[in-house]
Amino acid sequence: MKEILDAILSSDSTSADFANVKLPESYRAVTLHKDEEQMFAGLASRDKDPRKSLHLDDVPLPELGPGEALVAVMASAVNYNTVWSSIFEPVSTFGFLERYGRLSPLTKRHDLPYHVLGSDLAGVVLRTGAGVNAWKPGDEVVAHCLSVELESSDGHNDTMMDPEQRIWGFETNFGGLAQLALVKTNQLMPKPAHLTWEEAASPGLVNSTAYRQLVSQNGAGMKQGDNVLIWGASGGLGSYATQYALAGGATPICVVSSPEKADICRSMGAEAIIDRSAEGYRFWKDEQNQDPREWKRFGGRIRELTGGEDVDIVFEHPGRETFGASVYVTRKGGTIVTCASTSGFMHQYDNRYLWMSLKKIVGSHFANYREAWEANRLVAKGRIHPTLSRVYSLEQTGQASLDVHQNRHQGKVGVLCLAPEEGLGVRDAELRAKHLPSINLFRELDERSIQTSRDL
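Computed from a predicted structure; not experimentally measured.

Enquirer: Honestly, the pairing of strand β11 (residues 227-231) in this entry has me stumped. Any pointers?
Expert: Residues in a regular strand point their side chains to alternate faces of the sheet. Burial analysis of β11 places five of its five residues in the buried class, the great majority of the element. Side-chain alternation along β11 places N227, L229 and W231 on one buried face and V228 and I230 on a second face that is also buried. Relative to strand β12 (residues 251-256), β11 runs parallel, the two being bridged by five bridges. Of the residues in β12, the one forming a bridge with W231 is V255. For the crossover from β11 across helix α8 (residues 238-247) to β12, the handedness is right-handed. Two elements, β11 and strand β14 (residues 311-316), share three bridges in a ladder whose sense is parallel. Looking at β14, one finds that V228 is bridged to I313.

Next up, the structure:
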C-alpha cells in the first residue's frame, strides 16, 4: 500500500507507473459482519450504536471484471445509507448482496460474509478491466454510486429505471470506506481540481441526489421564481438543495432545527428560514395521530416569509415526521419530491389536499450518470461547493456514523482512507483561492459550534 500512496503523492508519477504498481493481496476496509445481523434485535433505532457493528478489517482484493476499475481511495464520506447499513435497518444489507450474487458468476463475488460499505470516494485509478477505454491508471476521479447492468431496454432512457439498478457500497460490496474500491467505470467522473481529496469525496451521493430531486426533469424541474421548501436545509442533502435553489433563481424556505443551523443557511445566502424547534412545531399529537392545526400554522409562517405565497416545491427527505405537513403546505398544482425517509418510511398524509388541489408526489432516488456528471461539473466549475464540516480517520468511521445517526453533524462528514492527512490533492490553486470562503463555510461554522459547546 505504501508504494501506491507514494505514487499518488509524487508529482512525477505517470500512467505507466500506476499501471505497474504492485497490488496488495488485501486492504483495510470498514465492514459489517453477516453473523452480527441480529446484534441490535429489540432495540429502538436511536439506541443502536454503529460503533459496535462497524469493523475495520483486512479483506482480500476482489477480482477485477470487464468494465470495472480498481481505485485507490484517498477519501470517502458517511451517508445515511451507511447509518442504515450499520444498524441493519430497514433490512440487513446482506440480503441485497445475496440477491446480487445470484445474477451472474461475476456478481457472485459480492455475496460474502462481510460487506465493505461506502457510497462516496475520491481517489486514483489503479487498474481497469476489459473493454474500458475512457479511463486509465493514474486518472484522478470521484465516483457516483449508481450501479447498473443495462441489459434490459428499461434502463436506456433513464438508467435509474434499469431493473438491476443498485446503490454501490449499500446494495453492492467493495464500497468506498476502504483503502481500495471496486467500481464500474461508468461510475467514474473527473475529480474537481481545486478541491482536496476529502472535499472532493463529500458531494458525490448527496449532490447528485439533490440535483435529480430538485433540478432535473426527472424530479421537480425547478425553475426561476419557484418557492422551494427545504427540510433539513443545513444537512447533507438540504445544503445542496439550498445551493441549487439559490443558483437557479428560486427562493429557498429553509427549515432547520437550531439557531446554529439557521446561521449556516444565512451564510449560504438564504433569507427565509424557519427554526422549527424555536417555533415549536409538533406535527404529531401522538404516535398515531397528526395535528392539522400545526400544518396550518406552519403554512401561515411560510406565507409570512414569501409575501403570501405557498411553496411550489417541497424538497422532502425526513419522511414520516414531516410528510403530512409537506403535502398540506404545497400550492395547488405543486410538487412534493421525496427521497429517503430518515424519520420513518411509513408516510401518512390527508389525500384530500393532494387530489383536490392537483398536487404531485414524485419519488426520486439518487441520479443517473448524466445527472451525476452535470452535478459534478457544477462542483468542478465552482458553482456548487462541498459542504464538508468534519473529517474522521478510517478507524473512526463508527463514531462518524454515530454522529450522523444522532444528527450531531452539519452538511457532510468525510473520512480519510489512504490520504495521510487533510489538505492534499489540490491541483488548481487559483480556482480554489477564488472560492475558499465557500469551500470552508461548513468547516468554520462547525468549529465555532464546537468552541461554543466547550465554552458552555
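Enquirer: Would you mind going over the sheet that holds strand β15 (residues 330-338) with me for this structure?
Expert: The strands that make up a sheet are held in pairs by hydrogen bonds between backbone atoms, and each pair lies either parallel or antiparallel. With parallel pairing, six strands are arranged side by side in an open sheet as β13-β12-β11-β14-β15-β16. Only two strands of the sheet have a single neighbouring strand rather than two, namely β13 (272-275) and β16 (360-363). Within this sheet the neighbouring strands show an average axis-to-axis angle of 20°, counted without direction. Sitting on the sheet, α8 touches β11, β12 and β14, and the angle it makes with β11 is about 165°. Sheet strands in contact with helix α10 (residues 292-306) are β11, β12, β13 and β14, and its direction is about 150° off that of β13.

Rules of the game
- Residues numbered from 1 in each chain as written.
- Predicted model: local features only at pLDDT ≥ 70, side-chain atom pairs only at ≥ 80, totals over all residues.
- Heavy atoms only, no water.
- Buried < 20%, exposed > 50% of the residue type's maximum accessible area, 1.4 Å probe, protein only.
- Helix = DSSP H or I, 4+ residues; strand = E, 2+ residues; numbered from the N terminus.
- Pairing = 2+ DSSP bridges.
- Right-handed = clockwise from strand over helix to strand, strands pointing away.
- Axes fitted to C-alpha atoms, helices over the stretch in contact; angles between N-to-C directions.
- Contact = heavy atoms within 4.5 Å.

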